[in-house]
Amino acid sequence: MKNKLAGGALLAALALVATHEGLRTESYPDIGGVWTDCYGRTKGVKPGTTATVAECDTALMKELVEHAKPLERLPYQLPDNVIVAWADFCYNVGVSACQNSTGYKMLVMGNVRGACDQLLRWKYVDKKDCSIRANGCYGIWKR
């Protein structure tokens, strides 16, 4: 299957997200006010949600693979580094926003370079510019 997040690409994506998201086993509102836990998980998270490290690790792997599904529909093979970058992007913004982005539409058309350039436009969270370290969301920009 083309562009499946597996093997080395999955390990790279796990390391990328885990390193830059950080691990929190108790829920908290993220910089955008969304209840979050683990490595940035939001689905089903509410105040008071807790998880073990093992649960967070398992959830991250499962969610990254799920969020990378739009890449599997592309009719050509992407390089692993592009799969990792786009899986991370889809994990951050959600599958719907990912698929509706200009960058994803460029991927569909085969413009990989242009699509990857589009990722740099997604640097704002709740009107905060994440390319500015002091805004508290620099990990998004760094990734």
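Worth saying up front: this structure is predicted, and the values here are computed from it rather than measured. (Residues numbered from 1 in each chain as written. Predicted model: local features only at pLDDT ≥ 70, side-chain atom pairs only at ≥ 80, totals over all residues. Heavy atoms only, no water.)

This paragraph deals with the side chain of serine 101. Note that serine 101 resides in the loop between α5 (95-100) and α6 (102-108). Within the structure, the side chain of serine 101 is placed 2.7 Å from the backbone oxygen of cysteine 98, a separation counted as a polar contact. When sequence neighbours within four positions are dropped, the list of residues in contact with serine 101 reads Trp86, Phe89 and Trp122. (Helix = DSSP H or I, 4+ residues; strand = E, 2+ residues; numbered from the N terminus. Polar contact = N/O pair within 3.5 Å; in protein donor to acceptor, adjacent residues only side chain to side chain. Contact = heavy atoms within 4.5 Å.)

Time to look at the environment of methionine 106. You can see methionine 106 is positioned in helix α6. For the pair methionine 106 and aspartate 37, spaced 69 residues apart in sequence, the C-alpha separation works out to 32 Å. Residues within four places of methionine 106 in sequence aside, it is in contact with Asn111, Gly114, Ala115 and Gln118.

Turning next to helix α1 (residues 7-21). Taking 1.5 Å per residue as the helical rise, α1 with its 15 residues ought to reach 21 Å, and the 21 Å between its terminal C-alpha atoms agrees with that figure. Buried positions along α1 lie against α2 (53-67) and α4 (80-93). Downstream of α1 by one or two residues, glycine 22 has phi in the positive range, about 80°. (Expected span 1.5 Å × (residues − 1).)

This paragraph deals with the nonpolar core. Ranked by internal contacts, the top residues of the largest apolar core, which has 30 residues, are Leu5, Leu64, Leu71, Trp86 and Leu107. Put simply, the parts of the chain that give this core at least two residues each are α1, α2, α4 and α6. It is α4 that provides the largest number of residues to this core, a total of eight residues. Those residues in contact with leucine 5 that lie beyond four places of it in its chain are Leu10, Ala13, Leu64, Val65, Ala68, Ile83 and Ala87. (Core = buried A, V, L, I, M, F, W, Y, C linked by side-chain atoms within 4.5 Å. Buried < 20%, exposed > 50% of the residue type's maximum accessible area, 1.4 Å probe, protein only.)

This part takes up the pairing of strand β1 (residues 24-29). Sheet topology places β1 next to strand β2 (residues 35-38); three bridges connect them, and they run antiparallel. Bridge pairing links arginine 24 to cysteine 38 in β2. Connecting β1 to the next strand, β2, in antiparallel fashion are five residues, including glycine 33 with a positive phi near 85°. (Pairing = 2+ DSSP bridges.)

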